[in-house]
Amino acid sequence: MKSHHKKYDINNCVASGHKIITFFLILVIFFVPFTLLSQNNSKKELTVNDYSLWAYLNTDKLSENGKWVSFSLHYQSGIDTLFVKNSKQTKTYNFPGASKGEFIAENWFLMMSSKEELKIVDLLTSKQEIIQGALRYDLGADPRNLIILKKGNAGKKQLELKNVANGKSVITNNVDRYWYNAQANALAYSAKVDNITTIALLNLYDNAVTTIASTNTDFAFSDLVWQKNGNSLAFLERPLDDKEKTTHTNVRYYTIADRKLYTFNPVTQDNFPVDMKIISSSFANLSISEDGKRIFFGLQKPLTPIDTAQTQIWNAQDKFLYTAKVQNEGWDRIAKVAVWWPLENKFNRITDNEYPKMMLSGEQKYAFLYNPQHYEPQANREAPLDIYILDLQTEKRELVLQNQLGGETGTTVSIYGKQLAYFKDKNWWVYDIESGLHKNLTKDLGVYFSDEETDWPEESSPFGNPGWIQESKTLFVYDKYDIWSIAIDGSSALRLTKGRENKTTYRIVSQSKEQSKKMNYDGNYKGLFGANERLLIKTEAIDHTGYCFWDKKYGVRSLLDKNMHTSQFIPSSKNGSYVYREENYDLPPRLIIKENSNSKEKILFQSNQQHFKYHWGHSKLISYTNSKGTVLNGVLFFPANYQTDTKYPMVVHVYERQSKELYKYVNPSQNNPTGFNITNFTSNGYFVFLPDIVYELGNPGQSAVDCVVSATKKIIASEAIDRTRIGITGHSYGGFETDYIITQSNMFAAAVAGAAINDYVSSYLWITWGFEKPNFWHYEFGQLRMGKSLYENYEGYLRNSPIFHAHKVNTPLLSWAGEQDAQVHYYQTIEFHLALRRLGKINTMLLYPGEDHVLMNKKYQKDLTERIEEWFDYYLKEN
């Protein structure tokens, strides 16, 4: 019998090496005819040495008429390649290491190489032009006009305006940065000549240059932003060296029509806080209101280092834990937001220590303020919020929402109007700023807009609100299956899709920046949709996925619906063509293209064609019933080269619901963040099973046992599986489930648990450092599903802790954790290891230095993958 003890010494970790894939090999893989490979019936066994051949396929861009597609292949070795292929499959370009690709009509393709080169390819003639030292580029309003920032001489930079059609260029020297606005088709740029730094405006229609501001070497310009419509811009004027603390950062605002420059100098403002400086940061950024009348910017006190040597005073009545408390010092260390009216030279602060968080209304005339500390200390991760509305002009403040669901899912702000939409009491509401009235929009629609079937203890979050339609003043909201369009005044509600009838989920796919949510200080703006805009919608059910369009004229028009996993759908902007990626567990991802509305779909590119040389498994959806009579699903992956007359070992992977993995292709790999890879196992002669699990509040451990054991029994009874050679594995919550299950059942011959929670008592009384919160919320409201505090259900916490049942373990266990895990402390793994050690059980523990909840170091990923597979091979393979 082979020994397994020496291998599981972390000191014996061997650094992983990654086989280099040459560019020649990439081309061979790319051009080997699919038909020749598929006709080869003498398939091979997949080995570790073959893993490096596999790549990840990503769809990139589709040209406006669908004649060209760009896509990329990413290898774990780091050798990536960007491809451009025409829809007729007659011409292919490849660009190793390239990124940021863009089509210009059907004629040109641009990309940035890894060598600071901008490549311009004429797709019709194959002629290539290379611009050396390129740092970034943009397409102008006429996309044939390029804006390029590149390296010049003597460490300087140049701005080049280039027309790809005629090859003509205009170069401006000594340009440091530029900021382009498509609406105005103009750019602002900063330039430095001798000791003078200048901000200038370049109109791309006539190349006219206007100097906006200039300064000497004592100051620099930064953080320039445009008004959305391109009518004005703002920027900061910062002192470069202010050791004497005598100079200040100014805000400058320039209106293009009248060429007027306004300056906000804090020294001249009587109400400007003397202990604060002007800044622009992620949550206190410089911005211009859409009407151009108000400028928003950040304020912050100078930050002093935190004294880590002082005595820590942890007071149970403090709003936040000590560690979070010292980080903000009563909000003193948190940036605030102010507003300036340039035409009136009026200034007001918006946020302060009493109300430190904010979102702007759609018209940016009001701010919604709140303090996350108000209901602290409390047990949930996010405290409820009291939200106030502040009139920026009059400074009148009024409470509009009380005890509102915390977190960004509950509250959303219109980006164009005078409404605040929010989710409360299981319904969507709207608050009208002008009338001050609240209206329940969904109470009479007869469906739930949050998950009433959730098995989490906390109040369920809404399914979502992707955005608004400005012209018709309607918002989109989701129920479990469908998309609704609801008038803000409550006058109408339209269900756009019919997903409930066949249990298919419909969700809008963003196709532009306008349709995507955007940051709104401490909240976000939702997507903006046009009244007559066609919606792209993803459809998903348990055994099929697809896409469809919706518009007012035709309603829902199905594009595709397949028994496989579809993703990365890109429609053309000018005709009915589209491209998307499809895959199955036994079919590597491939690109499918439809050239126009009347053509048929066809395969444009098949990734990983070497796949067809190897034996491979397949997946199957199964159903089972737990002891409560609940019908559940699971996914069973069959061994490669499966033989019906052979009994196989099986590994069961556990983590809540996993049936969505049914059709997903899994590249074989040794670089796995949790050490587990389905294909590694199926290619090594294993079944792999992923059962869905449902939970009873207060009894998550036994719920997992019930579902997993019931599902495994069902599989054993119906498939060629050796009941004496079954393993179980899981990570994080799945690690807890694994450890708990082996304390209650001897069904499994070997187990692997990563980052597992083993002691509900000690983990409850711990801090989730990533959130600076006590771990109470995780148990009382979240995934650990106790629903009550430790002191309300002490016996339940003991009953669900694997540590208190360790004496019943008879399954050899491999445990692992990262020594810097901020979600589940690695002491949880040590506790269970010491319990098993004291009891004389079989357990090996791996602790990975410097690693968090999942492993990011490739050396450790390879080490963990190898050790897990060897562990199961030792206990589940016949010796």
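Remember, predicted model here, so these are calculated numbers, not experimental data. Each chain has its residues counted from 1, following the order in which its sequence is written. In view of the model being predicted, local features appear only for residues whose pLDDT reaches at least 70, and side-chain atom pairs are presented and counted only at 80 or more, with totals across whole chains, interfaces and linings using the full set of residues. In computing side-chain values, all of the structure's heavy atoms are included and hydrogens and water are not.

Structural notes on the overall build of the protein chain
- Each helix is a run of H or I in the DSSP string that is no shorter than four residues. Each strand is a run of E no shorter than two, and both are numbered from the N terminus. Counting its secondary structure elements, the protein chain contains eleven helices and 58 strands.
- Throughout, the radius of gyration refers to the C-alpha atoms, and the reference size of a globule is 2.2 Å times the residue count to the power 0.38. Computed over the C-alpha atoms, the radius of gyration of the protein chain is 30 Å, within 12% of the 29 Å expected from 2.2 N^0.38 for a compact globule of 879 residues.
- By its C-alpha atoms, the protein chain is 85 × 70 × 60 Å across when sized along the principal axes.
- Each residue is assigned to one of three classes by its accessible area relative to the maximum for its type, calculated with a 1.4 Å probe on protein chains only: buried under 20%, partly exposed between the two thresholds, exposed over 50%. Counting every position in the protein chain, which comprises 879 residues, the buried fraction comes to 56%.
- In the protein chain, of all internal contacts separated by at least 6 residues, the share reaching a separation of at least 24 is 54%.
- As displayed, the protein chain has an accessible area near 39,000 Å², and 49% of this comes from carbon and sulfur atoms. In this description, contact between two residues means that some pair of their heavy atoms is separated by no more than 4.5 Å. The Shrake-Rupley method, run with a 1.4 Å probe sphere, supplies the accessible areas, and residue values consider only the shown protein chains as cover.

So, the side chain of Arg590
- Tracing the chain through its elements places Arg590 in strand S47 (residues 587-594).
- The class for Arg590 is buried, based on a relative accessible area of 15%.
- Nitrogen and oxygen atoms within 3.5 Å of one another constitute a polar contact, given that in protein one can donate a hydrogen and the other can accept it, and given that sequence-neighbouring residues count only through two side-chain atoms. Polar contacts involving the side chain of Arg590 include one to the side chain of Glu582, which spans 2.7 Å.
- For Arg590, the contacting residues outside a window of four places in its chain are Leu57, Tyr580, Arg581, Glu582, Ile603, Phe605, Gln606 and Ser607.

Some details on the packing of aromatic side chains
- A pair of aromatic rings is counted whenever rings of Phe, Tyr or Trp (Trp by its six-membered ring) have centres within 6.5 Å, and the orientation is called stacked for planes under 30 degrees apart, edge-to-face for over 60 and tilted otherwise. In this structure the tally under the stated criterion is 54 aromatic pairs.
- Aromatic pair Tyr585 and Phe637: ring centres 4.8 Å apart, planes at 70°, arrangement edge-to-face. Pair noted here: Tyr585 is in the loop between strand S46 (578-584) and S47 and Phe637 is in strand S50 (residues 631-637), with a separation of 52 residues, a long-range link.
- Classification of Phe637 by relative accessible area gives buried; the value is 0%.
- An aromatic cluster is built from Tyr655, Tyr695, Tyr733, Phe736, Tyr740, Tyr760, Tyr764, Phe776, Tyr779 and Tyr797, whose rings are joined through pairwise contacts.
- One cation-aromatic arrangement involves Arg507 over Tyr478; the distance from NZ or CZ to the ring centre is 4.2 Å.
- In this arrangement the basic side chain of Arg785 is found over the ring face of Tyr695, its NZ or CZ atom lying 4.0 Å from the centre. By definition, being over a ring means that NZ of Lys or CZ of Arg is both within 6 Å of the ring centre and within 35 degrees of the ring normal.

Observations regarding the sheet that holds strand S42 (residues 535-540)
- Only strands joined by at least two bridges in the DSSP assignment are considered to pair. With respect to topology, four strands assemble into an open sheet ordered S38-S42-S43-S44, the strand pairing being antiparallel. What marks the edges here is a single partner per strand, and that holds for strand S38 (505-509) and strand S44 (555-562). Here the average twist between neighbouring strands, direction ignored, is 25°.
- Inspection of the sheet shows S42 paired to strand S43 (residues 545-551) by six bridges, in the antiparallel sense. Its bridge partner lying in S43, Leu536 is registered against Phe549. The axes used here are C-alpha line fits, helices contributing only the stretch in contact, and every angle between their N-to-C directions lies in the interval 0 to 180 degrees.

Brief notes about empty space enclosed by the protein
- In the cavity and pocket records, a cavity denotes points on a 1 Å grid over the protein atoms alone where a 1.4 Å probe fits but cannot get out, a pocket denotes an open set with protein on both sides within 12 Å along at least 5 of 7 lines, and lining residues are residues with an atom within 4 Å of a point. Grid points are joined across faces, edges and corners, and a volume is the space filled by probe spheres set on the points. Counting across every chain of the model gives two cavities of 30 Å³ or more.
- In this structure, the largest cavity spans a volume of roughly 50 Å³.
- Surrounding the largest cavity, His653, Thr674, Phe676, Thr729, Gly730, His731, Val752, Gly754, Trp816 and Ile868 form its lining.
- Looking at the lining of the largest cavity, the elements that each hand over two or more residues are strand S53 (721-731) and strand S54 (750-754).
- Per-element tally for the lining of the largest cavity: the top contributor is S53, with three residues.
- Here the residues of the lining of the largest cavity sort into four nonpolar, six polar and no charged.
- Grouping the constituent residues of the lining of the second largest cavity by class yields six nonpolar, one polar and one charged. Note that Gly is not counted as nonpolar here; it falls among the polar residues with everything else outside the nonpolar set of Ala, Val, Leu, Ile, Met, Phe, Trp, Tyr, Cys and Pro and the charged set of Asp, Glu, Lys and Arg.

Considering the domain arrangement of the protein chain
- Boundary definitions for the domains trace back to an automatic or database domain assignment. By the assigned domains, the protein chain splits into domain 1 (218-352) and domain 2 (621-876).
- Computed from C-alpha coordinates alone, the two centres of domain 1 and domain 2 are separated by 48 Å.
- Taken together, the contacts link five residues of domain 1 with five residues of domain 2.
- Buried area, as used here, totals the accessible surface that two parts lose on assembly, with accessibility defined by a 1.4 Å probe and the loss added over both. Of the roughly 380 Å² buried at the junction of domain 1 and domain 2 (both faces included), carbon and sulfur atoms supply 74%.

A look at the nonpolar core
- Ranked by size, the top nonpolar core spans 52 residues in total, and within it Met650, Val652, Ile728 and Tyr760 carry the most contacts.
- By residue number, the principal contributor to this core is helix H5 (residues 700-718), which donates eight residues.
- What Tyr760 contacts, discounting residues up to four positions off in sequence, is Pro700, Tyr733, Phe736, Tyr779, Leu784, Met786, Tyr797, Asn800 and Ser801. By nonpolar core is meant a set of buried Ala, Val, Leu, Ile, Met, Phe, Trp, Tyr and Cys residues that side-chain atoms within 4.5 Å join together.

Comments concerning the side chain of Asp706
- Structurally, the position occupied by Asp706 is in helix H5.
- Asp and Glu count as negative and Lys and Arg as positive, but His and the ends of the chain are not part of the count. Salt bridges are defined by distance alone: a side-chain nitrogen of Lys or Arg within 4 Å of a carboxyl oxygen of Asp or Glu. Although buried, Asp706 forms no salt bridge, and the nearest oppositely charged side chain, Lys628, lies 5.8 Å from it.
- A distance of 2.7 Å separates a polar atom in the side chain of Asp706 from a polar atom in the side chain of Ser627.

Describing the sheet that holds strand S11 (residues 157-163)
- In space, the four strands of this open sheet follow the order S9-S10-S11-S12, with antiparallel pairing throughout. A strand with exactly one partner marks an edge of an open sheet, and here the two such strands are strand S9 (134-139) and strand S12 (169-173). Geometrically, the sheet is characterised by an average inter-axis angle of 15° between neighbouring strands, direction not taken into account.
- As judged from the five bridges shared by S9 and strand S10 (residues 145-151), these two strands associate in the antiparallel manner. When the bridges of S10 are listed, Arg136 appears paired with Leu149.

Thoughts on helix H6 (residues 733-744)
- By definition here, a helix of n residues has an expected span of 1.5 Å times n minus one. For H6, spanning twelve residues, the distance from its first C-alpha to its last is 17 Å, which sits close to the expected 16 Å at 1.5 Å a residue.
- Among the residues making up H6, those that are buried are Tyr733, Gly734, Gly735, Phe736, Glu737, Thr738, Asp739, Tyr740, Ile741, Ile742 and Thr743.

Structural notes on the pairing of strand S31 (residues 419-424)
- The buried fraction of S31 amounts to five of the six residues, a majority that puts the element mostly inside the structure.
- Taking the residues between adjacent antiparallel strands as the criterion, strand S30 (residues 411-413) and S31 are bridged by five residues.
- Strand direction decides the pairing type here: S31 and strand S32 (residues 427-432), joined by six bridges, are antiparallel. Note on S32: the bridge partner recorded for Phe423 is Trp428.

Comments concerning the pattern of salt bridges
- Overall, the coordinates contain 38 salt bridges when judged by the stated rule.
- Here Lys574 makes a salt bridge to Glu64, at a shortest N to O gap of 3.4 Å. Pair noted here: Lys574 is in the loop between strand S45 (565-571) and S46 and Glu64 is in the loop between strand S1 (55-62) and strand S2 (68-75), with a separation of 510 residues, a long-range link.
- Residue class for Lys574 comes out exposed when judged on its relative accessible area of 56%.
- Overall, Glu64 belongs to the partly exposed group, its relative accessible area being 25%.
- A salt bridge links Glu452 to Lys426, with the shortest nitrogen-to-oxygen separation between them at 3.3 Å. Separated by 26 residues along the polypeptide, Glu452 in the loop between strand S33 (438-440) and strand S34 (467-469) and Lys426 in the loop between S31 and S32 bring together distant segments of the chain.
- Connected through salt bridges with shared partners, the residues Lys562, Glu582, Arg590 and Glu601 form a single ionic network.

Topic: the pairing of S12
- Judged from the five bridges that link them, S11 and S12 form a sheet pairing that is antiparallel. Residue pairing for S12: Gln158 is matched across the bridge by Asn173.

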